[in-house]
Amino acid sequence: MTSPASSWLGPLDWAVVAFYSGGLIILGVLASRRRFAPVDYFLASRRTTWPIIGLSLLATNISSTALVGLTGGAYSTGLSVYDYEWSATLILVFFCLFLLPSIIRSRIYTMPEFLERRYDRRARLLFALLTLFLNVVVDSAGVLYSGSLVCQLLFPAWPLWLIVTVLAGGAGIYTITGGLRSVIYTEAVQAVVLLASAALISVAAFHRAGGWHAVMTQVDPAALSLIRPLGDRGVPWLGLLCGVPLLGFYYWCTNQSIVQRMLSAKDADHARWGALFAGLLKLTVLFLIVLPGTCALLLFPHLPRADLVYPTLILHLLPVGLAGLVVAAFVAATIVSIASLLNSASTLITMDVVRHFRPNLPDDKIVRIGRISTAVLLVVAVAWAPQLQLFPSLWQYLQAVLAYVVPPVVALFVVGMFWRGANADGAAATLIVGSVCGGAMFLANGVLHWTHLHFLYAAPILTLIDIGILVGVSAHSATVQRASQMDAMSPLLSWRVDRADRADSRARPFWQDYRWQAAGLVLLTAAVVIAFRD
């Protein structure tokens, strides 16, 4: 686009942007409390109900990164980018059935703390450091960069670093002062506005493209298929089968910024219902976010970068007022997501790193350290975010980095759930050696291009290597596991607890039983996949 995007926004649009963005920050400040214990600052006092959890999970996941990445992915590689979304619904079902009961029962603050229950402190510290790296380099930087794309169209004279700094500052205002309570309530509001804004863009995109039939008949059929051949550059079917579930398991089952929302639940039922509600909302992403990117193939076939699809749809398709609302929702999505990631990162630093070396710190100092670490991480993310413009595609960058980094974590959780023989020595070796193997493969495949392996194939290969390391070292180690360690994340123990509570479940209507809800969600997901399988 040759002219500044601000020429498409009228005074009413600017008023909406200012009102909504400012109002969201004020809401975050008002939702905070003046006095904090760690459980208040990091887990919102463990009083969150399922609708707030579900909406918060959606807002955390559907950040400006996802808005830009999914529409851009549909534009450049086709509908198969949605494979990451529908598979997330199935992963959340698995999480609710097998892992979530153990997590809620443990009363932990962080997922590295949960890993310590199964292995030892080495696993906790190494996993915390690995998660912090991903939080800053992948998640936070990606959100800031994608959010700055729209803002740079609105303010073309502003350098990228300045826009990133302003967005980060907006997030930091209420995150540093208010903790998770501020974050989670602003996320819930943002999720509702985000869904409404995405619906407006979807309707406008289909209307301008000539309707559903026109899009389905004029777009290349290959771009409308969820199941793609082995040689597909987006999501080949073997990568969908072996690679996507591994990345999804890390993100939805072990990622602190996601699991922290469920840890804040008032009880296990609200945690389950919230997770399944988020899974239901994820199915709408196909129609609200992904397919508008497909419409852009007909409307704007010659964009210089796929990452410009969503900003272009906003600024070209919507009337005055509505354009301002959607821009405001997009900017707010950036602010809310950064706030979420920062709170999770400060929780990791405080509870898993600082407390590891200073276990007797009083509560007020713990909260103060959490606030200071939030500010420090914000600065690091701001410094790295502008570098992402050097990569060809934001979505490919995000998924590729995860594919090389997370396999050791997936190996520890999956093997630890189903094999009692996995021990602490094996876990430490897996995290250290596995991370080195992932870095070496990323260097050979992604930087030096000595090989040309799709990242969705790299993830399962690395996971198998890490499982081999964990099993091999554990089998030859003299470390003896306590029974409490072996049962820490056992799905069998979760099922035993569920059977003990089954009498209480029978007293409820069947639609409140998470098992029926999970079954319905699986059937609904299958229907969507079958409808777009080829």
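The numbering scheme is per chain: residues are counted from 1 as the chain's sequence reads. Local features in a predicted model are, by the rule used here, given only for residues with pLDDT of at least 70; side-chain atom pairs are given and counted only at 80 or more, and totals for whole chains, interfaces and linings are based on all residues. As a convention, hydrogens and water are excluded, and side-chain values are obtained from all of the structure's heavy atoms.

### Structural notes on the overall build of the protein
For step 1, the next point in the chain: Counting from the N terminus, the helices are DSSP H or I runs at least four residues long and the strands are E runs at least two residues long. Along the protein, the regular secondary structure elements total 25 helices and zero strands.
For step 2, the next point in the chain: Throughout this description, buried means an accessible area under 20% of the type-specific maximum (1.4 Å probe, protein chains only), exposed means over 50%, and partly exposed covers the range between. Here the protein, with 534 residues, has 62% of them falling under the buried criterion.
For step 3, the next point in the chain: Residue contacts are defined here by distance: any two heavy atoms, one from each residue, within 4.5 Å place the two residues in contact. Intrachain contacts of the protein at a sequence separation of at least 6 include 84% that bridge at least 24 residues.
For step 4, the next point in the chain: Surface accessibility of the protein: about 20,200 Å² in total, with carbon and sulfur atoms responsible for 69%. Residue-level accessible areas treat just the shown protein chains as cover; the underlying method is Shrake-Rupley with a 1.4 Å probe.

### Quick look at helix α3 (residues 50-61)
For step 1, the next point in the chain: To estimate how far a helix should reach, multiply one less than its number of residues by 1.5 Å. End to end, α3 covers 16 Å across twelve residues, agreeing with the expected 16 Å (1.5 Å per residue, within 8%).
For step 2, the next point in the chain: Among the twelve residues in α3, ten count as buried, and that is most of the element.

### Observations concerning the packing of helix α11 (residues 244-254) against helix α21 (residues 455-475)
For step 1, the next point in the chain: Axis definition: a line fit to C-alpha positions, over the contact stretch in the case of helices; interaxial angles, taken between N-to-C directions, run 0 to 180 degrees. Put simply, α11 and α21 touch, their axes get as near as 8 Å, and they point 70 degrees apart. Judged by the inter-axis angle, α11 sits roughly perpendicular to α21. Residues Val244, Leu246 and Leu247 of α11 touch α21, and the partners they reach there are Leu456, Ala459, Pro460 and Thr463. Should an angle fall under 35 degrees it is taken as roughly parallel, and over 145 as roughly antiparallel, whereas 65 to 115 is taken as roughly perpendicular and any remaining angle as oblique.

### What to know about empty space enclosed by the protein
For step 1, the next point in the chain: Here the term cavity refers to a set of points on a 1 Å grid, laid over the protein atoms alone, in which a 1.4 Å probe fits but cannot get out; the term pocket refers to an open set having protein on both sides within 12 Å along at least five of seven lines, with lining residues being those that place an atom within 4 Å of a point. Grid points are joined across faces, edges and corners, and a volume is the space filled by probe spheres set on the points. Per the counting criterion, the structure on display carries two cavities of 30 Å³ or more.
For step 2, the next point in the chain: Quantified by volume, the second largest cavity comes out at close to 60 Å³.
For step 3, the next point in the chain: Lining of the second largest cavity is provided by Leu58, Ile62, Leu194, Leu195, Ala198, Thr284, Val285, Leu288 and Ile289.
For step 4, the next point in the chain: Those elements that place two or more of their residues in the lining of the second largest cavity are α8 (160-209) and α14 (285-299).
For step 5, the next point in the chain: For the lining of the second largest cavity, the class distribution of residues is eight nonpolar, one polar and no charged. Three categories are distinguished: nonpolar for Ala, Val, Leu, Ile, Met, Phe, Trp, Tyr, Cys and Pro, charged for Asp, Glu, Lys and Arg, and polar for the others, with Gly belonging to the last.

### Remarks on the packing of aromatic side chains
For step 1, the next point in the chain: For this analysis, a ring pair means two rings from Phe, Tyr or Trp (six-membered ring only for Trp) whose centres lie within 6.5 Å, classed as stacked if their planes differ by under 30 degrees, edge-to-face if by over 60, and tilted for the remaining angles. Scanning the entire structure with this criterion turns up ten aromatic pairs.
For step 2, the next point in the chain: Judged by centre distance (5.4 Å) and plane angle (85 degrees), the rings of Trp50 and Phe277 are edge-to-face. Here Trp50, found in helix α3, pairs with Phe277, found in helix α13 (residues 268-283); they are 227 residues apart in sequence, far enough to count as distant.
For step 3, the next point in the chain: Ring pairs connect the aromatic residues Phe206, Trp212, Phe287 and Phe532, which therefore count as one cluster.
For step 4, the next point in the chain: We call a charge positioned above a ring when the Lys NZ or Arg CZ atom is no farther than 6 Å from the ring centre and deviates by at most 35 degrees from the ring normal. Positioned above the aromatic ring of Tyr109 is the side chain of Arg46, whose terminal nitrogen or guanidinium carbon lies 5.6 Å from the ring centre.
For step 5, the next point in the chain: Sitting above the plane of the Tyr514 ring, Arg272 keeps its charged end 4.0 Å from the centroid.

### Regarding helix α20 (residues 424-447)
For step 1, the next point in the chain: Spanning 24 residues, α20 covers 33 Å between terminal C-alpha atoms, matching the ideal 34 Å at 1.5 Å per step.
For step 2, the next point in the chain: By the burial criterion, the buried members of α20 are Ala424, Gly426, Ala427, Ala428, Ala429, Thr430, Leu431, Gly434, Gly438, Met441, Ala444 and Asn445.
For step 3, the next point in the chain: Between N or O atoms, a polar contact is any pair within 3.5 Å; within protein, one atom must be a potential hydrogen donor and the other a potential acceptor, and residues adjacent in sequence are included only when both atoms are from side chains. Two or three places before Asp425, at the start of α20, stands the capping residue Asn423, its side-chain oxygen 3.3 Å from that residue's backbone nitrogen.
For step 4, the next point in the chain: Of the residues trailing α20, His449 is marked for its positive phi of about 60 degrees.

### A word on the pattern of salt bridges
For step 1, the next point in the chain: The term salt bridge refers to a side-chain nitrogen of Lys or Arg lying within 4 Å of a carboxyl oxygen of Asp or Glu. Considering all chains together, one arrives at eleven salt bridges under this definition.
For step 2, the next point in the chain: The partner of Asp120 in a salt bridge is Arg122, with the nearest N and O atoms 2.8 Å apart.
For step 3, the next point in the chain: Residue Arg122 is classed as partly exposed on the basis of its relative accessible area of 38%.
For step 4, the next point in the chain: Here Arg124 makes a salt bridge to Asp352, at a shortest N to O gap of 2.6 Å. In this pair, Arg124 sits in helix α7 (residues 121-154) while Asp352 sits in helix α16 (residues 322-357), placing the two residues 228 residues apart along the sequence.
For step 5, the next point in the chain: On the basis of relative accessible area, Arg124 is assigned to the buried category, the value being 13%.
For step 6, the next point in the chain: Taken together, the shared-partner salt bridges in this structure form one network comprising Glu116, Arg121, Arg124 and Asp352.

### Let's talk about unusual backbone geometry
For step 1, the next point in the chain: Positioned with a positive phi, Arg107 is a non-glycine residue whose angle comes to about 60 degrees.
For step 2, the next point in the chain: Locating Arg107 in the fold gives a position in the loop between α5 (83-106) and α6 (111-118).

### Some points on the environment of Val326
For step 1, the next point in the chain: With respect to the helices and strands, the residue Val326 is situated in helix α16.
For step 2, the next point in the chain: The class for Val326 is buried, based on a relative accessible area of 2%.
For step 3, the next point in the chain: Taking the C-alpha atoms as reference points, Val326 and Val16, separated by 310 residues in sequence, lie 9.2 Å from one another.
For step 4, the next point in the chain: In this structure, Val326 is in contact with Ser197, Leu200, Ile201, Ile314 and Leu318, ignoring residues within four places of it in sequence.

### Considerations on a nonpolar patch on the surface
For step 1, the next point in the chain: For patch building, the residue pool is restricted to those with more than 30% relative accessible area and no salt bridge; the joining distance is 9 Å between like charges and 5 Å between nonpolar side chains (Val, Leu, Ile, Met, Phe, Trp, Tyr). Together, Ile227, Leu230, Trp237, Leu238 and Leu241 give the surface a local cluster of nonpolar side chains, amounting to about 440 Å² of exposed area.
For step 2, the next point in the chain: Within the element layout of this structure, Trp237 appears in helix α10 (residues 237-242).
For step 3, the next point in the chain: Residue classification places Trp237 among the partly exposed residues on the basis of a relative accessible area of 39%.

### Considering the side chain of Asp83
For step 1, the next point in the chain: Here Asp83 is to be found in helix α5.
For step 2, the next point in the chain: In this charge count, Lys and Arg are treated as positive and Asp and Glu as negative; neither His nor the chain ends contribute. Look at Asp83: it is buried, it has no salt bridge, and the nearest opposite charge is Arg228 at 7.9 Å.
For step 3, the next point in the chain: Here Trp86 takes part through its side chain, which lies 2.8 Å from a polar atom of the side chain of Asp83.
For step 4, the next point in the chain: Residues in contact with Asp83, not counting those within four places in the same chain, are Leu226, Val235, Leu240 and Val244.

### Considerations on the environment of Ala424
For step 1, the next point in the chain: You can see Ala424 is positioned in helix α20.
For step 2, the next point in the chain: Look at Ala424 and you get buried, because its relative accessible area is 4%.
For step 3, the next point in the chain: Sequence separation between Ala424 and Arg121 is 303 residues, and the spatial gap between their C-alpha atoms is 8.7 Å.

### So, the packing of α11 against helix α12 (residues 256-263)
For step 1, the next point in the chain: Packing of α11 against α12 leaves a shortest axis separation of 5 Å and a crossing angle of 40 degrees. With respect to α12, the axis of α11 lies oblique. Contacts between α11 and α12 involve Tyr251, Trp252, Cys253 and Thr254 from the first element and Gln256, Ile258, Val259 and Met262 from the second.
For step 2, the next point in the chain: Per-class residue counts for the contact of α11 with α12 are six nonpolar, two polar and no charged.

### Some points on the confidence of the model for the protein
For step 1, the next point in the chain: Per-residue confidence from the predictor is given as pLDDT, running between 0 and 100. Put simply, the protein has an average pLDDT of 83, and 86% of its residues get 70 or more.
For step 2, the next point in the chain: Note on residues 1-7: pLDDT is under 50 here. Beyond four places in sequence and across chains, it has 13 contacts.

### Observations regarding the side chain of Arg228
For step 1, the next point in the chain: With respect to the element layout, Arg228 can be found in the loop between α9 (212-218) and α10.
For step 2, the next point in the chain: Within the local environment of Arg228, its side chain forms a polar contact with the side chain of Asp232, the two groups lying 3.4 Å apart.

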